[in-house]
Amino acid sequence: MAAERPVAGGGRRGGGGGGSGGAGPEENKENEKPAGPKAGSLGDSLGLEILQIVKESQQQHGLRHGDFQRYRGYCSRRLRRLRKTLNFKMGNRHKFTGKKVTEEILSDNRYLLLILMDAERAWSYAMQLKQEANTEPRKRFHLLSRLRKAVKHAEELERLCESNRVDAKTKLEAQAYMAYLTGMLRFEHQEWKAAMEAFNKCKTIYEKLASAFTEEQAVLYNQRVEEISPNIRYCAYNIGDQSAISELMQMRLRSGGTEGLLAEKLESLITQTRAKQAATMSEVEWRGRTVPVKIDKVRIFLLGLADNEAAIAQAEGEETKERLFESLLSECRDAIQAVREELKPDQKQREHSLEVDSGKVSNIQYLHSYLTYIKLSTAIKRNESMAKALQKALLQEQQSEDDGTRTARPQDLIRLYDIILQNLVELPQLPGLEEDKNFQKEIGLKTLVYKAYRCFFIAQSYVLVKKWSEALVLYDRVLKYASEVQAQAGAYKNSLKELPDVQELITQVNAEKYSLQAAAILDANDTHEAESPSQVKDGKPLSERFETFCLDPSLVSKQASLVHFPPDFQPIPCKPLFFDLALNHVAFPPLEEKVEQKAKSGLTGYIKGIFGFRS
């Protein structure tokens with residue numbers, strides 16, 4: 001057993017803080033005997049659900065988000081707690097004393113768990129270094145060292161499980177776990193034959209275990225088999241089986257991208273294969289014009305376009321389709337960016353050219369229009385796929401309401417069809433297609449189809465708020481658009497095959513119109529009954545409707561509406577204003593004598609006034 005050594009940064013080798021003293025109640029439960037058949041005292045068969053423990057620990061402690069460092073820290077802390085619980089310590093804080101789990105002390109299945117956590121810690125460290133090796137290649141040596149350490153612990157686990165005290169299922173799981181880690185080590189060493197043999201052994205064991213138990217118990221085993229199947233195909237390809245590359249591509253496309261050990265190798269392999277095929281591709285034909293393709297990135301994208309579209313057509317789940325659409329759009333944007341970089345010098349050359357062009361766009365510009373057409377068409381297909389999923393959700397609206405989940409609304413569909421129509425507006429404006437009358441006509445018919453569906457769902461939204469007149473007018477508009485499509489679609493039926501069926505929409509609109517008319521009549525009757533004074537309260541307080549009889553249950557409740565409070569402001573007459581208009585016409589008596597007398601008093605009068613002698 002390897003003791004924990006300090007590493008750079010001051011942390012433990014497990015990476016992550018918190019020792020046994022900081023373990024919570026839930027973590028302490030992990031130190032109890034793991035679930036296994038007759039896991040108990042000496043003489044009973046010991047059992048350990050190896051794959052289940054590994055998967056649960058990985059999902060709960062970081063690997064759901066690809067955080068291998070967090071999982072490594074968890075393995076270190078759990079090892080420390082297990083050693084303390086089993087009193088199987090590696091010396092003390094001052095001195096290391098190595099111990100090994102032997103068959104003689106194998107009285108508890110937690111000793112097997114101890115070795116399993118050692119292997120998982122080494123494996124998680126290797127996967128962490130694999131992520132870091134992309135920028136620091138020398139860490140690959142440390143990666144291989146950690147993988148060899150994990151295989152060593154797995155061999156020790158397999159050796160202990162050969163004991164008569166361990167049940168048969170645990171022995172098989174230990175052998176499969178050992179084969180899995182061995183295959184990963186050989187895979188990293190690029191020893192394809194040995195890796196393939198190890199993965200096949202692992203696959204065979206898990207398939208046998210899956211067939212021996214119920215469906216619920218077999219889920220984990222089947223998942224592991226699906227995980228290692230791409231690795232086996234990749235090894236077969238490197239050995240010399242050229243048919244494996246197509247299966248690998250289909251696996252990658254169906255899953256929307258591979259994760260884990262195989263991801264980078266598979267991506268580089270597919271890129272290399274397409275690059276070899278791209279060397280033979282020199283031109284592409286679109287709408288009667290052949291354009292040379294000289295950019296490697298565009299060649300690779302166009303070669304993989306058919307495979308991507310086939311994978312989208314075969315995809316079952318909506319999430320898988322969405323991932324594939326996003327992947328295709330991302331590749332298309334990269335190809336368009338590569339063409340734009342080539343297009344800038346071409347435009348400058350055309351500006352400085354003395355030749356007068358007849359209006360025909362250059363080959364590189366036409367290639368840019370073709371890629372833009374692919375991007376917009378893919379975006380339209382993606383939004384249409386999302387619209388179909390929402391339409392199914394609308395049909396199951398009643399069931400969703402019973403479950404209490406959020407139901408789909410017609411407004412969501414309206415937004416999707418708005419985006420589709422915006423993409424269709426951009427298509428006829430692509431350079432090189434302005435004079436293509438057939439293309440313009442096709443886009444016009446597609447626009448009418450999507451306008452009809454958009455108008456239909458706008459009408460549905462009006463039905464929900466009981467605006468019957470507006471909904472009926474919109475239904476008539478839908479029929480108008482649909483009839484125009486049917487009248488003009490004679491020569492363009494092939495281009496309209498992928499579009500929604502207009503005849504089905506007409507049938508649905510006719511049915512909805514009858515339902516709408518019936519609902520409008522019933523709603524009018526309900527409104528007439530609801531307006532009877534004996535049942536409806538008009539919102540006025542009791543003080544304002546003494547002369548009208550009305551059954552108002554709120555009058556006997558704590559929130560009875562008796563009067564308006566606070567009362568409203570009432571208008572009152574304002575105080576009149578008086579204006580003195582005669583002031584300017586009044587003659588005042590003269591005051592000159594008094595003013596002169598006051599002026600003559602002078603200083604003597606002032607002094608007398610101070611001392612009070614003024615008369």
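Refer to the structure presented above.
As a starting point, this report considers the structure included with it.

Rules behind the numbers
Per chain, the residues get numbers from 1 upward, laid out in the order the sequence is written. Only residues with pLDDT of at least 70 get local features here, since the model is predicted, and only at 80 or more are side-chain atom pairs given and counted; chain-wide, interface and lining totals rely on the full set of residues. Heavy atoms throughout the structure, all of them, feed into the side-chain values; hydrogens and water do not. The numbering of helices and of strands both runs from the N terminus, where a helix is a DSSP run of H or I of at least 4 residues and a strand a run of E of at least 2. Burial classes follow relative accessibility: with a 1.4 Å probe on protein chains only, a residue under 20% of its type's maximum area counts as buried, one over 50% as exposed, and anything between as partly exposed. For this analysis, residues touch if any pair of their heavy atoms sits within 4.5 Å. Under the convention used here, a 1.4 Å probe and the Shrake-Rupley method define accessible areas, while residue burial counts only the protein chains that appear. Aromatic rings from Phe, Tyr and Trp, with only the six-membered ring used for Trp, were paired whenever their centres fell within 6.5 Å, and each pair was classed as stacked if the ring planes differed by under 30 degrees, edge-to-face if by over 60, and tilted otherwise. Salt bridge, as used here: a side-chain nitrogen of Lys or Arg that lies within 4 Å of a carboxyl oxygen of Asp or Glu.

In terms of helices and strands, the protein chain carries 20 helices and two strands. Looking at the 615 residues of the protein chain, the share that counts as buried comes to 41%. Considering only intrachain contacts with a sequence separation of at least 6, the fraction spanning at least 24 residues in the protein chain is 66%. Roughly 37300 Å² of accessible area belongs to the protein chain as shown, and the carbon and sulfur atoms make up 51% of that amount.

Relative to the assigned elements, glutamate 484 resides in helix α17 (residues 468–488). Separated by 39 residues in sequence, glutamate 484 and leucine 445 place their C-alpha atoms 8.5 Å apart.

Cis geometry is adopted by the peptide bond preceding proline 566, which originates at phenylalanine 565 and carries an omega value of -5°. For asparagine 87, which is not glycine, the phi torsion reads 55° and is therefore positive. Although it is not a glycine, arginine 287 sits at a positive phi angle of roughly 55°. Mapped onto the elements of the fold, arginine 287 is located in the loop between β1 (283–286) and β2 (289–292).

The next point concerns the packing of aromatic side chains. Each aromatic ring pair is summarised here by two numbers: the centre-to-centre distance and the angle between the ring planes. Following the criterion strictly, the structure yields 19 aromatic pairs and no others. On the numbers, 6.2 Å between centres and 25° between planes, the contact of tyrosine 71 with tyrosine 74 is stacked. Placement of both tyrosine 71 and tyrosine 74 in helix α3 (residues 68–86) is noted, with a separation of three residues, approximately one turn of the helix. Judged on exposure class, the residue tyrosine 71 and its partner tyrosine 74 are both buried. Between tyrosine 206 and tyrosine 221, the ring centres sit 5.8 Å apart and the planes meet at 25°, which makes this aromatic pair stacked. In this pair, tyrosine 206 sits in helix α7 (residues 192–212) while tyrosine 221 sits in helix α8 (residues 215–239), placing the two residues 15 residues apart along the sequence.

In this structure the tally under the stated criterion is 16 salt bridges. Residue arginine 382 is joined to glutamate 326 by a salt bridge in which the shortest nitrogen-to-oxygen separation is 2.5 Å. Placement of the pair is arginine 382 in helix α13 (residues 363–395) and glutamate 326 in helix α12 (residues 318–352), with a sequence separation of 56 residues. Among the ionic pairs, arginine 454 bridges to aspartate 418, the shortest N-O distance being 2.4 Å. Linking arginine 454 in helix α16 (residues 437–464) with aspartate 418 in helix α15 (residues 410–426), this pair joins segments that are 36 residues apart in sequence. By relative accessible area, which is 27% here, arginine 454 ends up partly exposed. Three or more residues are tied together by salt bridges with common partners; here these are Lys55, Arg224 and Glu227.

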